[in-house]
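# Survey of secondary and tertiary structure
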Amino acid sequence: MSMLTRRRLLSRAALSATAGATGCDAGTDPDTDPTGGSGGNLRFPTGFGWGAATSAYQIEGAAKEDGRGESVWDTFSRTPGRTRNGDTGDVAADHYHRYADDLDLMRDLGLRSYRFSISWPRIQPDGTGTPNQRGLDFYRRLVDGLHERGISPMATLFHWDLPQTLQDAGGWENRDTAYRFAEYAEAVFHGLGDRIPAWLTINEPKTVVQNGYLYGHHAPGFQDPQAAYLVAHHLQLAHGLAVRALRATGSAARIGPALNLHPCYPADDSAEAARASRLYDGYENRLYLDSILKGSYPADVLADLGADSRIARGIVDGDLEIISSPVDLLAVQYYTPYYVTPTGGTVTRWPTSQADWQQIYPNGMYDILTRVTRDYGPLPLTVTENGLPQADTLSADGTVDDTGRIDFLREHMAAAHRAVSDGVPLESYHVWSLLDNFEWAEGYDQRWGLVYVDYPTQRRVLKRSAHWYREVIRANGL
Ligand code: IFM
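### Some remarks on the sheet that holds strand E5 (residues 254-260)
Whether parallel or antiparallel, the strands of a sheet pair through hydrogen bonds between backbone atoms. The strand order around the closed barrel formed by 8 strands is E1-E2-E3-E4-E5-E7-E10-E11, and the pairing between neighbours is parallel. Within this sheet the neighbouring strands show an average axis-to-axis angle of 25°, counted without direction. Note that strand E2 (residues 113-117) and strand E3 (residues 152-158) share 5 bridges and pair parallel. Across the sheet, residue tyrosine 114 finds its bridge partner in E3, namely proline 153. Relative to strand E11 (residues 426-432), helix H16 (residues 403-421) is tilted by about 165°, and along the sheet it contacts strand E1 (49-53) and E11.

### Considerations on the pairing of E2
For E2, the tally of buried residues reaches 5 of 5 residues, placing the bulk of the element in the interior. Burial along E2 is two-sided: Ser113, Arg115 and Ser117 and Tyr114 and Phe116, pointing in opposite directions, are all buried. Pairing between E1 and E2: 3 bridges, direction parallel. Along E2, the bridge assignment pairs glycine 51 with serine 113.

### Quick notes on the packing of aromatic side chains
Tallied over the full model, the rule gives 39 aromatic pairs. A centroid spacing of 5.9 Å and a plane angle of 85° characterise the contact between tyrosine 265 and tyrosine 361, whose relative ring orientation is edge-to-face. With a gap of 96 residues between them, tyrosine 265 in strand E6 (residues 264-266) and tyrosine 361 in the loop between strand E9 (346-347) and helix H15 (363-376) connect regions that are remote in the sequence. Across the pair, tyrosine 361 and tyrosine 265 agree in class, each one buried. When the centroid spacing of 5.6 Å and the interplanar angle of 90° are considered together, the rings of tyrosine 335 and tryptophan 448 count as edge-to-face. Here tyrosine 335 is found in the loop between strand E7 (330-333) and strand E8 (338-340), whereas its partner tryptophan 448 is found in the loop between E11 and strand E12 (451-454), with 113 residues between them in sequence.

### What to know about the confidence of the model for the chain
Overall, the predicted model of the chain reaches an average pLDDT of 93, with 92% of residues at or above 70. Low confidence marks residues 1-32, where pLDDT is under 50. Its contacts with residues over four positions away, or in another chain, come to 66 contacts.

Reading the values: rules and limits
- Residues numbered from 1 in each chain as written.
- Predicted model: local features only at pLDDT ≥ 70, side-chain atom pairs only at ≥ 80, totals over all residues.
- Heavy atoms only, no water.
- Pairing = 2+ DSSP bridges.
- Helix = DSSP H or I, 4+ residues; strand = E, 2+ residues; numbered from the N terminus.
- Axes fitted to C-alpha atoms, helices over the stretch in contact; angles between N-to-C directions.
- Contact = heavy atoms within 4.5 Å.
- Buried < 20%, exposed > 50% of the residue type's maximum accessible area, 1.4 Å probe, protein only.
- Phe/Tyr/Trp six-rings, centres within 6.5 Å; stacked < 30°, edge-to-face > 60°.
- pLDDT = per-residue confidence, 0-100.

Here it is in C-alpha cells:
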C-alpha cells in the first residue's frame, strides 16, 4: 500500500467529519429524492420475518456473573478517555437479569424474529477450552423463551466481544484466533444448535477492521493499517471455519455473514471520482462480499494494499476455499451511503442523524439490496440492522415521542419493499435496535431503541416507534 493510500485511509474519518461540519455537497447525482417515494399500501410477502436486533455486550450487563470472562470491550471501555462519559457495558440494559420481561416485550410487539449475539467470554471465559455451562444455560433460557413466544431466534456468534486473553495473544492479528473462534462456534453449535435455525458468523468485520485497527476508536484501539487488513483476512477465515464447523455437526440450520454494506457513489461526474468511488467500494464492500461469495479478494484492493502488505503475506493456500464455503443467507446491515471525491475522501450530501457518520438516505437500502442480488445472487437476504439514534426523552406523561424514527423506518422499509417488488429475495428485516443500549464509544448518549430504557431504574417504555412497528407487523406492511 502506498504512503498516499495509507494516509488516505487514515484520513477518511476526518474528511467525512469535515464535510459534514461544513454541509459540503459536491454531489451531482441526479437523484434528488432520498426516499425514492414511499407511502401507500405496501404489503410484504406472507410470513415476512419482522424483527429487532441487539448484541450481547450492548445490552446484557452482568459483566462479572456466572463465570463470564473479560472481553476487549471491558478493557477498552474501562480505560479512561475511550468512551463518552467513561460509560461501560458493566450494567447496560441489564438484559441478563431482565431477559424474561424483554421477551414479553418482544411478544407484545409481535416480533417474528429476534437477532441477538452470544458473548464468547460467557461461553469460554479465556477464549478456549471447555465451555462454561452457566453461559450456555443463559442462552438456552433465552432461546426457549423465544420459541415459547413464537419468535424465531437468529444468533450471531461474534459481535466484537473478543475474550481479552485472546487479545493478549495477538487478537485478530494472530491467525490462531480464527481457529479458536471455530472451536468456540463448535461448542455453541453443540450446546444450542438444536434450538437455533439461523446463525450469523461475524458481525460487521469491517467495523472491527476500520474502527478497531484503522481509526482506533473501538476496541482494541489501534491505528495500524497493516494490521487492519491482516485482521480483515483472519476475520474472514474465522467466518469460513465457523461455516464448516456448523456443517460438520450435520445441522440443517442456516448460516451466513452479517455485513454492513454501503452504496458508494462518485461525488461528482469526473472519471477520477468514479475511479476513487470504485476503490472505496472495494474497501467497504467487495473485500468482504467477494471473498465470501466469489472466493477471491478484489484485485484492485489487493493491488492498492501492495504485494508486501501483511494481508498479502498472510493469505495461505486454501484460505479462500475456506472463506468461500457456501452460505445459506447474507445478512445486510444498512445505515449510510458514501459520496466519494476524486481524491478518495468523502462528502456529506444528506442530513445526518445524531450519529454524524450517518447520512439519511433510504434509497441506499434499495440500491444495496438490488446490487448484492445482481452481483452475488440469487441468495436469500435478511436485513439484520437498520435504524438511527436520537436523543429521545421520556416526557412527564410517560411517553417517548420519536416521530423521526418512524419516518426513518417507514422510508427504509418502503425502499426494501421496492427491492422485493423488483425480485430481491429479502426474507426479514430487523430494526436496530430493540432496546436503547451501550453504543460503543458513544456510551449511552445515543438512543437507538424501539424501547426506551430508563437506565437509573431500568424501566422499559415503548417509544411511539414501537407502537407504530407493532402495527406494521400486524398489517405485514406499511
Ligand atoms: O450499535 C451498532 C451495532 O453494534 C453494529 N452496527 C451498527 C450499530 C449502530 O452503530
